[in-house]
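# An overview of the molecular structure
Here are the chains, one letter per residue:
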Amino acid sequence: MSHHGVGPRASMRSVAFLTAGVLAVTSLAACSEEDPAARPLAGQDIAPAERDRIADGGSVRWAVDTVPATLNTFQADADATTSRVAGAVLPSMYRIDEKGRPERNPDYLESAEIVEREPKQVVLYKLNQQAVWSDGREIGAADFAAQWRALSGKDTAYWTARNAGYERIEKIERGDDDLEVRVTFSKPYADWRSLFSPLYPKNVMGTPDTFNDGARRKLKVTAGPFRIDKIDRKAGDVRLKRNPRWWGHQPKLSELVLRAVPRNKRAAALAAGRLDLAEIDASAARRITAAAGAKGSAGAPFAHGPGTELTPARALRSWAIANGSDEEAADEEVTAREQRSKEIAKYREEQSALRRFAVRKSLEPVYTQLALNGAEGPLSDERVRRAVARALDRDELARVVLQPLGLPAEPVGSHLALAGQAAYADSSGALGEQDTEEAQALLSDAGWERGGPLKEKKGEKEKAAKGAGSEASENSGKSDDDTYVVGEDNKPGAAYDPASGEASYGERSGDDSKPADHGTSAVLAPAPIAQLRTALLDQAAAQNEKADEEQEEQKEQEGKHKRGGAPGAYAPKGTAAPAGAVAGPLAKDGEALSLRFVLPSGPGTESLRAVGERIARMLADIGIRTEISKVSDASYFKDHIASGQYDLALYSWPASAFPATDARPIYAKPVPAADGSLNVEQNYTRVGTDQVDHLFDQAVAELDEKESRSLVRKADARIWAAAGSIPLYQRPQLVAARPNLVNAGAFGFETPVYEDMGYLKKGMRRTS
């Protein structure tokens, strides 16, 4: 999986190392007796409505990233669409509420509780007596037992991707009647509520063949409000229809279509009427917002979309070439202008259609982090990692992404939970706030000194010519790897403005049909066409030169504020930078302190790149040089993150309601595998400690919920102290929806209630 969220567990070759536990001790008492979880930073935005206000029938076409390769959520290639299908068609004993906490699902479960703790933990499930599979058979102990045997890890013929929790079960048996299921654990398991969600029928889990292959392309037996009607892989549709045997509230929709549409094409698909509901990126959200605000302004030029990269000087030059004496150049320019005009007309048509949608927004239960690869190089030294962390103004980084969207711009304080979840507590104090002087002191203690002698490497002179502050490209000619010097990537037409976070939607020319319609650079008198063309080209060149001069002057002014010990990004205006703050790169043993920072280059990742460039400037303030490499989305995770080919990287982790179970592989200390390599599981920073592992082991076996949460928070404090990853901000969740579609949108933490989604009756208003 890419930067959008890290997926299946993996084993990778790496180098292990220890982190001194003493560095985390001072913060372990920071967890107070009061519940520090508070409420989620942003509530869900789903246009809530009571069921009696919703019309019966209708279809919703909901965008997904892919048609799932498998319908079995326990296989390695399961993805988010697999989970969405499972949520609509299969039982789940527990679902997640709006605070990110597990709650009993009454459609399947009347009660579930620990009835014995000694000598062994026993959980008694009492099932809803109406709960049946679509073939009419009751859901019962046989289904629970089949799933346990498949996922226990004892039978290697089952190709399972995860078995957390199931391996701790000793036996499953029928209770006093068919509606009771007794689960006995061989070892205590705090996260027992995570099990059997989803629950597959025994005819899927019963044999390795049916598990491995039978549930990949179809599910013959289901037990949810919907059933799978058809999967059209060519069209990219998964079509769900009402389950006639469903015993709960009848779904308001008669049909739910999950349609695979790439994220960068969703705005066009919405405009074309192919979607009713779609998670979108910030640029698409701004288009929809702009379309809604453009009513009554038909014909006005756009400040976004095709043609808006045309400055007055470029429009002038285009007109001059199209009307020039060089026939070949003129023909090419006329063709380009015609193509641009068609693109502008299409874009205008799409904007008109996008007025029929609204943007619903919340915070996704996912956080973005800065990962520091501690396997080798400078970052294998904990002091250098801590210096990187202390250089970051996390408040500013959160503002860059969230403030322009009108969302709470608060940095994340935990690796293991998000605000609102039971295990959440801000443990960032174990590492400390942004402090330039402390960061510099840590680097000095690690032996990195300013102005130290550097060994001249092969090609170093050519690299140095590209500018101080970063190492040069090691592109190797690959089209998916764009390595560049920090501060020199000022490409025109960027979709994301990290300074303001949003586009300006005032009037601006996107029309190159005539020169200079902005009141500048106008041609005052007619002249022979050759002379006119020459004059216009000279004028355009002069305007470009002037623009370049202004841009350089602006960069110089920005540099005065952004360089030094405390630049204007996080110090009051006018604050003097510490002496010697930019007195040359840091060096040690003849090597400059330079880190390779890998970022994705694909559409929809503009905000990640903006954050990455801010981070690079913050690190430059303490003398750390960064070499930013932009790579394709396809290779970003597989070829760089998972394989350890990076020093710094930005990627996201989902928050779990069961962190003692789900977060352990992410932070586990790498251990030697049987073949001599290191098993890093999902710990792609390669930073782990025995203390953290021990705290996770304690937390997952502690049946006192309060004490288990306390242990999780202590583990988080030690993870902060190790500085292998730095949580930055909770990711925005932006969803385009038809205004009359209710109980759907930006769900936040909560599991969608599929049967309550639908369209308002005519004349009805949604719940306020």
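Here, every reference points to the structure presented above.
Residues numbered from 1 in each chain as written. Predicted model: local features only at pLDDT ≥ 70, side-chain atom pairs only at ≥ 80, totals over all residues. Heavy atoms only, no water.

## Focus: the pairing of strand S17 (residues 594-600)
Taken across its seven residues, S17 has seven buried, putting it largely inside the fold. Every second residue of S17 is oriented toward a common face, with Ser594, Arg596, Val598 and Pro600 on one face and Leu595, Phe597 and Leu599 on the other, all of them buried. For S17 and strand S18 (residues 625-631), the ladder comprises seven bridges, and the chain directions are parallel. In the strand pairing of S18, Val598 is matched with Ser629. Assessed by its sense of winding, the connection that carries the chain from S17 through helix H15 (residues 606-620) to S18 is right-handed. When S17 meets strand S19 (residues 648-654), the two strands line up parallel, connected through two bridges. Bridge assignment links Phe597 to a residue of S19, and that residue is Leu648. (Buried < 20%, exposed > 50% of the residue type's maximum accessible area, 1.4 Å probe, protein only. Helix = DSSP H or I, 4+ residues; strand = E, 2+ residues; numbered from the N terminus. Pairing = 2+ DSSP bridges. Right-handed = clockwise from strand over helix to strand, strands pointing away.)

## Remarks on the packing of helix H7 (residues 282-293) against helix H9 (residues 327-354)
One way to put it is that H7 packs onto H9 with a least axis distance of 8 Å and a crossing angle of 80 degrees. One element, H7, and the other, H9, form an angle in the roughly perpendicular class. Residues Arg287, Ile288, Ala290 and Ala291 of H7 form the contact with H9, whose participating residues are Tyr347, Glu350, Gln351 and Leu354. (Axes fitted to C-alpha atoms, helices over the stretch in contact; angles between N-to-C directions. Parallel < 35°, antiparallel > 145°, perpendicular 65-115°, else oblique. Contact = heavy atoms within 4.5 Å.)

## Side note on helix H3 (residues 141-151)
Of all eleven residues in H3, nine are buried; the element is thus mostly enclosed. Every buried residue of H3 is listed here: Ala141, Asp143, Phe144, Ala145, Ala146, Gln147, Trp148, Ala150 and Leu151. Where H3 is buried, its residues contact strand S5 (122-127), strand S6 (169-174), strand S7 (180-185), helix H4 (202-205) and helix H5 (208-214). Immediately downstream of H3, the backbone of Gly153 shows phi near 85 degrees, a positive value.

## Some details on the packing of helix H11 (residues 394-402) against H15
Between H11 and H15, the least distance of the axes is 10 Å, while the angle of their chain directions is 155 degrees. Here H11 is positioned roughly antiparallel relative to H15, judged by the angle of their axes. Note that H11 runs across H15; the crossing there is right-handed. Here H11 contributes Glu396, Leu397, Val400 and Val401 to the contact with H15, which in turn contributes Ser607, Ala610, Val611, Arg614, Ile615 and Met618. Split into classes, the residues belonging to the contact of H11 with H15 amount to seven nonpolar, one polar and two charged. (Left-handed = near helix turned anticlockwise from the far one by under 90°. Nonpolar A, V, L, I, M, F, W, Y, C, P; charged D, E, K, R; others polar.)

## Structural notes on empty space enclosed by the protein
One way to see where empty space is left: roll a probe the size of a water molecule over the atoms. For the coordinates displayed, the defined rule picks out four cavities of 30 Å³ or more. In this structure, the largest cavity occupies an estimated 80 Å³ of space. In the lining of the largest cavity, the residues fall into six nonpolar, five polar and one charged. (1 Å grid on protein atoms, 1.4 Å probe; cavity = no way out; pocket = protein on both sides within 12 Å on 5 of 7 lines; lining within 4 Å. Points joined across faces, edges and corners; volume = space filled by probe spheres on them.)

## Considering the side chain of Thr689
The residue Thr689 is located in the loop between strand S21 (678-679) and helix H19 (690-701) in this model. According to the relative accessible area criterion, Thr689 is buried, its value standing at 6%. Side-chain polar atoms of Thr689 contact the backbone nitrogen of Val692, separated by 3.0 Å. (Polar contact = N/O pair within 3.5 Å; in protein donor to acceptor, adjacent residues only side chain to side chain.)

## Overview of the sheet that holds strand S16 (residues 591-592)
In space, the three strands of this open sheet follow the order S13-S15-S16, with antiparallel pairing throughout. Bordering the open sheet on either side are strand S13 (449-450) and S16, each of which pairs with just one other strand. Pairing geometry for strand S15 (residues 586-588) and S16, over two bridges, is antiparallel. Residue Ala587 lies in a different strand from S16, and its bridge partner there is Ala592.

## Here's the deal with the nonpolar core
In terms of nonpolar packing, the biggest core is built from 171 residues, with Tyr125, Phe196, Leu370, Ile615, Leu650, Tyr667 and Leu728 touching the most fellow members. Counting five residues, the second largest nonpolar core, distinct from the first, contains Ala47, Ala49, Val742 and Leu760. (Core = buried A, V, L, I, M, F, W, Y, C linked by side-chain atoms within 4.5 Å.)

## Let's talk about the packing of aromatic side chains
Inspection of the entire model under this criterion finds 18 aromatic pairs. Here the aromatic rings of Trp62 and Tyr754 are separated by 6.3 Å at their centres, their planes lie at 50 degrees, and the arrangement is tilted. One end of the pair, Trp62, is in strand S1 (residues 59-64); the other, Tyr754, is in the loop between strand S23 (741-742) and strand S24 (758-759), with 692 residues separating them in the sequence. Taking relative accessible area as the criterion, Tyr754 reaches 5% and is therefore assigned buried. Centroid distance Tyr94 to Trp192: 6.1 Å. Interplanar angle 85 degrees. Geometry classified as edge-to-face. Linking Tyr94 in strand S2 (residues 94-96) with Trp192 in the loop between S7 and H4, this pair joins segments that are 98 residues apart in sequence. For Trp192, a relative accessible area of 3% gives the class buried. Over the aromatic face of Trp62 sits the side chain of Arg84, whose NZ or CZ is 4.0 Å from the ring centroid. (Phe/Tyr/Trp six-rings, centres within 6.5 Å; stacked < 30°, edge-to-face > 60°. Lys NZ or Arg CZ within 6 Å of the ring centre and 35° of its normal.)

## Re the pattern of salt bridges
Pairing is possible between side chains of opposite charge, provided their charged atoms come close. All chains considered together, the criterion is met by 28 salt bridges. For the salt bridge of Asp77 with Arg216, the shortest nitrogen-to-oxygen distance reads 2.5 Å. A residue pair is termed long-range when its members are at least 10 positions apart, and Asp77 in the loop between S1 and helix H2 (80-89) and Arg216 in the loop between H5 and strand S8 (226-232) qualify at 139 residues. The exposure class assigned to Asp77 is partly exposed, which follows from its relative accessible area of 33%. Looking at Arg216, the relative accessible area reads 22%, which means it is partly exposed. Here Glu705 makes a salt bridge to Arg193, at a shortest N to O gap of 3.1 Å. One end of the pair, Glu705, is in helix H20 (residues 705-722); the other, Arg193, is in the loop between S7 and H4, and 512 residues separate them in sequence. Residue classification places Arg193 among the partly exposed residues on the basis of a relative accessible area of 23%. Where salt bridges share partners, they join Asp65, Arg263, Arg266 and Glu279 into one cluster. (Salt bridge = Lys/Arg side-chain N within 4 Å of Asp/Glu carboxyl O.)

## Quick notes on unusual backbone geometry
Going from Glu118 to Pro119, the amide bond is cis rather than trans, its omega being 0 degrees. One can find Pro119 in the loop between strand S4 (109-116) and S5. Each neighbour pair has its own omega, and for Ser197 with Pro198 the value is 5 degrees, a cis peptide bond. Note on placement: Pro198 falls in the loop between S7 and H4. Unlike most non-glycine residues, Glu681 shows phi in positive territory, near 50 degrees. Considering the arrangement of structural elements, one finds Glu681 in the loop between S21 and H19. Positive phi, normally seen in glycine, also occurs at Asn743, with a value near 55 degrees. Here Asn743 lies in the loop between S23 and S24.

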